[in-house]
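Summary of structural features
In case you want the letters, here they are:
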Amino acid sequence: MSRQQDPQRPLFLFGNPFKMLVPKGSYLSPRLLALLNDFELALAERLMNLKPKDKEDILSLSWMGSAMELLCQTHTDIKTIITKLELPVCDWDDKWIDAYFDDSVKLLDICNAFSSELTRLNQGNLLLQCALHKMDAHDSERFLKARSSLDGWRRHISSKNPRLGNCFPNLDSLIGTLNRPKVKNSDKGKVLMRTMYGVKVVTVFVSSIFVAAFSGSANKLVDLQGLETCLWADAFTDVQAYINGESRNILSSGRVTVLKELESVDTSIKKLLPMIQEGVGPIEPEAVQNSASDLGKMAAKLSQGLDLLVEQVDGFFQILLSGRDTLLCNLRMVSSAPDIKQETRQGQAVKS
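The present account deals with the structure reproduced in this document. (Residues numbered from 1 in each chain as written. Predicted model: local features only at pLDDT ≥ 70, side-chain atom pairs only at ≥ 80, totals over all residues. Heavy atoms only, no water.)

1. A few points about the overall build of the protein chain
Counting its secondary structure elements, the protein chain contains 11 helices and zero strands. In the protein chain, the succession of helices and strands from N to C terminus is α-α-α-α-α-α-α-α-α-α-α. Sequence separation of at least 24 residues holds for 82% of the intrachain contacts in the protein chain that already meet a minimum separation of 6. Element-wise, carbon and sulfur atoms account for 52% of the exposed surface of the protein chain, whose accessible area totals about 18000 Å². (Helix = DSSP H or I, 4+ residues; strand = E, 2+ residues; numbered from the N terminus. Contact = heavy atoms within 4.5 Å. Areas by Shrake-Rupley, 256 points an atom, 1.4 Å probe, with all protein chains shown as cover.)

2. Notes on the pattern of salt bridges
A full pass over the atoms with the stated rule returns 11 salt bridges. Glu-117 is the salt-bridge partner of Arg-120, the closest N and O atoms lying 3.0 Å from each other. One end of the pair is Arg-120 and the other is Glu-117, both in helix H4 (residues 94-134) and three residues apart, which spans about a single turn. Exposure class is identical for Arg-120 and Glu-117. Each is buried. A salt bridge links Asp-223 to Arg-248, with the shortest nitrogen-to-oxygen separation between them at 2.9 Å. Residue Asp-223 is located in the loop between helix H7 (187-215) and helix H8 (233-251), and its partner Arg-248 is located in helix H8; the two are separated by 25 residues in the primary sequence. (Salt bridge = Lys/Arg side-chain N within 4 Å of Asp/Glu carboxyl O. Buried < 20%, exposed > 50% of the residue type's maximum accessible area, 1.4 Å probe, protein only.)

3. Side note on the nonpolar core
With 103 residues, the main nonpolar core has Met-135 and Leu-150 as its most contacted residues. No other element matches the 17 residues that H7 contributes to this core. Excluding residues within four positions of it along the chain, Leu-150 makes contact with Leu-128, Ala-131, Met-135, Ile-269, Leu-272, Leu-273, Ile-276 and Leu-295. (Core = buried A, V, L, I, M, F, W, Y, C linked by side-chain atoms within 4.5 Å.)

4. Here's the deal with the packing of H7 against H8
Look at H7 against H8: their axes get within 11 Å of each other, and the N-to-C directions meet at 10°. Judged on the interaxial angle alone, H8 and H7 are roughly parallel. Of H8, the residues touching H7 (which contributes Val-201, Phe-205, Ile-209 and Ala-212) are Phe-236, Val-239, Gln-240, Ile-243, Asn-244 and Leu-251. When grouped by side-chain class, the residues that make up the contact of H7 with H8 number eight nonpolar, two polar and no charged. (Axes fitted to C-alpha atoms, helices over the stretch in contact; angles between N-to-C directions. Parallel < 35°, antiparallel > 145°, perpendicular 65-115°, else oblique. Nonpolar A, V, L, I, M, F, W, Y, C, P; charged D, E, K, R; others polar.)

5. Details of unusual backbone geometry
Look at Leu-59: it is not a glycine, yet its phi comes out positive at around 65°. Mapped onto the fold, Leu-59 is located in the loop between helix H2 (30-49) and helix H3 (61-85). Relative accessible area serves as the criterion here: at 1%, Leu-59 is assigned to the buried category. Even without being glycine, Glu-86 reaches a positive phi, approximately 55°. Residue placement: Glu-86 occurs in the loop between H3 and H4. With relative accessibility at 57%, the residue Glu-86 sits in the exposed group.

6. Observations concerning the environment of Thr-74
With respect to the helices and strands, the residue Thr-74 is situated in helix H3. Spatially, the C-alpha atoms of Thr-74 and Thr-203 are 9.0 Å apart, while their sequence positions differ by 129 residues. If near-sequence neighbours (up to four positions away) are discounted, Thr-74 is found in contact with Phe-39, Leu-43, Arg-46 and Val-199.

7. Let's talk about the side chain of Arg-194
Locating Arg-194 in the fold gives a position in helix H7. Taking the relative accessible area as the measure of exposure, Arg-194 reaches 5% and is therefore buried. A distance of 2.8 Å separates a polar atom in the side chain of Arg-194 from a polar atom in the side chain of Glu-40. (Polar contact = N/O pair within 3.5 Å; in protein donor to acceptor, adjacent residues only side chain to side chain.)

8. Side note on the side chain of Ser-60
In this structure, Ser-60 sits in the loop between H2 and H3. According to the relative accessible area criterion, Ser-60 is buried, its value standing at 1%. Polar contacts involving the side chain of Ser-60 include one to the main-chain carbonyl oxygen of Asp-57, which spans 2.6 Å. Ser-60 has contacts with Lys-260 and Glu-261, leaving out every residue within four places of it along the chain.

9. Brief notes about the packing of aromatic side chains
Applying the stated criterion to the full structure yields eight aromatic pairs. With a centroid separation of 5.9 Å and an interplanar angle of 85°, the aromatic rings of Phe-210 and Phe-214 are classed as edge-to-face. Taken together, the positions of Phe-210 and Phe-214, both in helix H7 and four residues apart, correspond to about one turn of that helix. Using a relative accessible area of 0% as the deciding quantity, one classes Phe-210 as buried. (Phe/Tyr/Trp six-rings, centres within 6.5 Å; stacked < 30°, edge-to-face > 60°.)

10. Overview of the environment of Asn-249
Mapped onto the fold, Asn-249 is located in helix H8. Overall, Asn-249 belongs to the partly exposed group, its relative accessible area being 48%. C-alpha of Asn-249 to C-alpha of Ala-218: the two residues are 31 residues apart in sequence and 9.2 Å apart in space.

So, in structure tokens, the structure goes:
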């Protein structure tokens, strides 16, 4: 379960990795140790790179893109590790398989909600482009029509997406099942469960930030406790404390939107609206054009950021989907294959 972290916890990433790698009394072969070590050090490095030099970059579309890229890389690593472990699906515990499928369904639902929200934000761009087009001409009447489009954009952006509500129970369920299934007498199984645990912790962390940013609520930001024996634990604690702390500050600021690129567009619109308000004073076309030009630049950055994030969320969705499909195919092959162990026993009986 989640619990509050101590933000002052020191970062001892490169201590004695073999001492921290497995619990006392556990022994893994050098090959398995190296496989686990490589995965966890790579995850630690990616987590540290997720901490921006400028805190203003947090909850920007570009930073969220980096966070989604981290998830794509980490989930891809799991597929590679499963292959290198040479652990046949027939040797997987049923609990492992059930947990994998259950988690992946919840993550696919969360991805669908994110895609829905990004689509909604992109739809608002149509209103922006319409307003900018109307302000191309030095026509007071068209300026007033542009104002209507800009007002429509602000209403659209400040509205809530009901599909995000589905993320909350899914996140709660993922957090509640962070404890790994018990592994008995299987070194490969221990490595598999430990790497999958790291992937799950980081995935829940990033997903909770996305949900908070899209919903405008800090209620679902989680503070997770990673196992201290994991090589990525200290890096995770440091990054989580920093990102969650700054995110809570942003989310409690009372802004119309917390996403940096959206906020920049909103600020430009606030500056432009008084210039094209009927009855306030004469409209000055040159001043309107200059302000509209600034708005156009902000709108272009927003559009670019949304397009890139849409692509990355879709990529993550496809990685999750392909992982499920691969496991399902392997399970079908196992269920349709003859019982090799039984055949071996029968052969030995005939020889005797």
